[in-house]
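Summary of the model geometry
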Amino acid sequence: MRTTKYLLLLSFYLIVASSAFSQDTDNGSVTGIVINPDGQGIPNATVAILPEDPESEELLEGSATNSDGSFEVSIEPGTYRLRVTFVSLNTYLTEIEVVPGETLDLGQIEMKERQEELDEVVVRGERSYVEMNFDSRRFNVGEDVVSLGGSALDVLDNVPSITTDFEGNVSLRGNQGVQILINGRPSNLVRGGTDGLSSIPASLIESVEVITNPSARYEAQGTAGIIDIILVDNAQLGFNGNVQVTSGYPLDSGVSTNLNYQKNSINWFLNLDFEYENQPETGRSFQSFSADTTYLFNEKNDVSEKEREGNIFFGADFFLPNDQVLTASSRISLERGDEDGELLYTDFNPPANQIYRSVDNSWDILRQIDRENIEDAKEQDFDVRLQYENKFDGDDHRLTADFDFEFGSESEDFLQTGITEIGTSNFNDRRTYSDEEYREIRFDTDYERPLGDNGRFETGMRINYEWEDNDFISEEFINGFWTEPDEEFTLSDNFTYIENVNALYAIYSGSTGEFTYQAGLRAENTNIETELDLAGTESSQNYTKLFPSLFLSYTISDQNSLQMSYSRRISRPWSRYLLPFTEIRDSRNRRVGNPDLDPEIGDSYELGWLRRWDTGSILTSFYYRYRTGVIESVYTIDGDGITTRFPINLATEDAWGVELSVDQDLFEGFQLSGSVNLFQSESKGEFEGELYESSSESFTSRLRVRYRFLESWNLQSYMFYRGPRETTQGRRGGSAFFGSGLSKQLWDGKARLSLNVRDLFNSRNADREVIRETSYTNNNYSWSSRSFRVSFQYNFNSEGRR
């Protein structure tokens, strides 16, 4: 902790010291008054004096305007360029000549509003859905009709390279070790998984950036790469924003608004979102076991899940002198969920002691049990954030700092009751209570500046402290009383988790001839402590690891270029994998965490070729990834037919593949984009003397069509397919789904009405087989169904949209 305090003090000192610089000369001066289109003075506009040479961006002198828009800059005699900048206004640039001992009065300098901001609807409509680069691919969401009215999870379903499953896992090129960022920074919305992404409306997402081989400037978390969700920023003069209302079937209703008000040097923003949904979920399971005993059963699971969410995000940007920006913001997220599920178990009497793959209708039924699960869950999350940016002499030389404090709590009350309809059963009603509180403090600072003509240096640090406290109580109804069960796996306890990660990094990049290069190194120290209070067990981890990154690009021509890259990454387990408490929603299928999990380590190599032309582009990437300590959930079955699933560091993995992404404008208004990812992986590991291994080939593909017609209509359709894949414990089936959307702009682009359908053929299912020597299990789940949404969005600003 002492080192952490010193790093904090040093970082704040650097911020203050780097901002305090000034020069004074008195050989000549330039004065003037900067005004907006309404004739009002603009305070804190940036006035810069640059060399006469148009190719030079060196800052010779500068100042910020006073509260009335006036300024005065002293400088040596000579000929220069004077540049005035202010957010949301066009840059003003003129040549000046300063005479010794005299004052050059420029009078009133009127700054015009940026036309592209006023015409935002039109500009965004012409922007390509995908923008491809070597180090990242950016997918613009603003005009994504098929995601309107949905959430961030709906958006990710449409992004190439990304796949999601019924448990909320997000994979990148088949690897679940993904780091998800929001506006370039981690967020507690995804601290324990991706369920929190459902609370981010698609209407508030500007774009999604996929980085498959991140550099050392990024946190090393995520062996697969990074998914960065960029939220909208409508900063412009006056009052502007939008309101969106959505309704859908199955029941999915919501209203959201995004508001901005900017006057002079302050931009205020407010985002509100309220949603209510009732989504059905279905599942089917079959299991056959034959060893010292033999049994076989079917399970049917039908769930109705209701969710009510409210999110408030508000704050302000303060535009300070000398191209400095300070942003203060806060977020409040509240969620309430109710779940009512029915599970029907049917036990059969097979004719022989062997493993079966299906049920014969002629078999006798030994037992049939109908159980009901009722769950009441609450979650609240709060965030306070301060961000600072100082551009010393343009975008190439700047300092940024970010302080974030998040805290919140989650609670869940669960009750399981049952009735034996056929045969006999020793089942008892059960209930559990779980409460979790968490705190996280994070501080980042980054500094970058040019070196020489072609060089660039970047450095920075991060301090991250996370604390979680979990209470778990499990009870069973026996002889008319609620008592603690005898089974060890359901014991009540308190679990505490503390994680502290400190990091430093440095990057140097440059170019020579047709080559550009970048080399970086990141060092991260991780300290993790866990404790089970009643059991009296503790564990700790303390390790320091280095994460290098290398990039080399070669420009063949203006349209063709190549790049090779390498990076090392780490995947620390999510908190839901660590909780040592047993989830008993399904009394025959239980899930328990493992607080002793180690992180995965991955090395990633990539070779890419990018070809651009006037109407499109193609990116071909060949990649290889090697991972150790791969985390997988292992399935064990006892003699009573109860399956327990828990995560361990099971295997090492070699994976390689090729990914092709294409974006093409076929004719006016018609755009086609698609991607194919072919990959193969080999995994091998051992657990309790049993060998787990697999060699698998698979692929994913997407096709997307966008057609704009009759000036204001927009039709979009997409198709996704994920091929089957062998796993270390069995097989995962393929999956395919199709969606489409149609929108119409109204009132000169001020409003938009849209209709979309997702999973049109109701084909989005998860099919998984677990094949072991003494058992066979097949699970088939559908976590969503065919859905329809209607959305209406109205945009407004102080001037009205053109």
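Here is a short report on the structure shown in this document. (Residues numbered from 1 in each chain as written. Predicted model: local features only at pLDDT ≥ 70, side-chain atom pairs only at ≥ 80, totals over all residues. Heavy atoms only, no water.)

**Considerations on the sheet that holds strand 7 (residues 103–110)**
With mixed pairing, three strands are arranged side by side in an open sheet as 4-1-7. Whereas interior strands pair on both sides, the edge strands pair on one side only; in this sheet they are strand 4 (70–74) and strand 7. Mean inter-strand twist for the sheet, computed between neighbouring axes without regard to direction, equals 20 degrees. As judged from the six bridges shared by strand 1 (residues 29–35) and strand 7, these two strands associate in the parallel manner. Across the sheet, the residue bridging to Val 30 is Leu 104, located in strand 7. (Pairing = 2+ DSSP bridges. Helix = DSSP H or I, 4+ residues; strand = E, 2+ residues; numbered from the N terminus. Axes fitted to C-alpha atoms, helices over the stretch in contact; angles between N-to-C directions.)

**Re a nonpolar patch on the surface**
A cluster of nonpolar side chains, Leu 451, Tyr 508, Phe 515, Tyr 517, Leu 552, Tyr 554, Ile 556, Leu 562, Met 564, Leu 607, Trp 609 and Phe 622, forms an exposed patch at the surface whose accessible area comes to about 1,000 Å². When residues of the nonpolar patch are traced back to their parent elements, those giving at least two are strand 26 (515–532), strand 27 (537–555), strand 28 (560–571) and strand 31 (600–613). (Patch = residues over 30% accessible without salt bridge, like charges linked within 9 Å, V, L, I, M, F, W, Y side chains within 5 Å. Areas by Shrake-Rupley, 256 points an atom, 1.4 Å probe, with all protein chains shown as cover. Salt bridge = Lys/Arg side-chain N within 4 Å of Asp/Glu carboxyl O.)

**Description of a negative patch on the surface**
Residues Asp 413, Asp 435, Asp 471, Glu 529, Glu 531, Asp 533 and Glu 538 make up a contiguous surface patch of negative charge. Tracing the backbone through its elements, the reader meets Glu 531 in strand 26. (Lys, Arg positive; Asp, Glu negative; His and termini not counted. Charge placed at Lys NZ, Arg CZ, Asp CG, Glu CD.)

**A short note on unusual backbone geometry**
The residue after Tyr 249, namely Pro 250, is reached through a cis peptide bond having omega -5 degrees. Of note, Pro 250 is situated in the loop between strand 15 (238–249) and strand 16 (252–263). Although it is not a glycine, Glu 688 adopts a positive phi angle of roughly 50 degrees. Following the sequence through the fold, Glu 688 ends up in the loop between strand 34 (670–687) and strand 35 (690–709). Unusually for a residue other than glycine, Leu 710 sits at a positive phi of about 50 degrees. By secondary structure assignment, the location of Leu 710 is in the loop between strand 35 and strand 36 (713–722). Since its relative accessible area comes to 65%, Leu 710 is described here as exposed. (Buried < 20%, exposed > 50% of the residue type's maximum accessible area, 1.4 Å probe, protein only.)

**Notes on the sheet that holds strand 5 (residues 78–85)**
Strand order in this open sheet of four strands is 3-2-5-6, and the pairing throughout is antiparallel. Every other strand in the sheet has two partners, leaving strand 3 (61–64) and strand 6 (92–98) as the edge strands with one partner each. Direction aside, the axes of adjacent strands within the sheet are offset by 25 degrees on average. Where strand 2 (residues 46–51) meets strand 5, six bridges bridge the pair, whose relative direction is antiparallel. Bridging across to strand 5, Thr 46 finds its partner in Thr 85.

**Regarding the pattern of salt bridges**
Taken as a whole, this structure holds 29 salt bridges when the rule is applied. Ionic pairing is found between Asp 444 and Arg 442, a salt bridge with its closest N-O pair at 3.4 Å. In this structure Arg 442 comes out as buried when scored by relative accessible area, which is 2%. The partner of Arg 462 in a salt bridge is Asp 444, and the shortest N-O contact between them spans 2.4 Å. Of this pair, Arg 462 sits in strand 23 (residues 455–478) while Asp 444 sits in strand 22 (residues 430–451), and the two are 18 residues apart along the sequence. With respect to class, Arg 462 is no different from Asp 444; both count as buried. A single network of salt bridges, built from pairs that share partners, joins Arg 217, Glu 389, Arg 398, Glu 448, Arg 456 and Glu 458.

Such coordinate-based values are descriptive only and should not be taken to indicate function.
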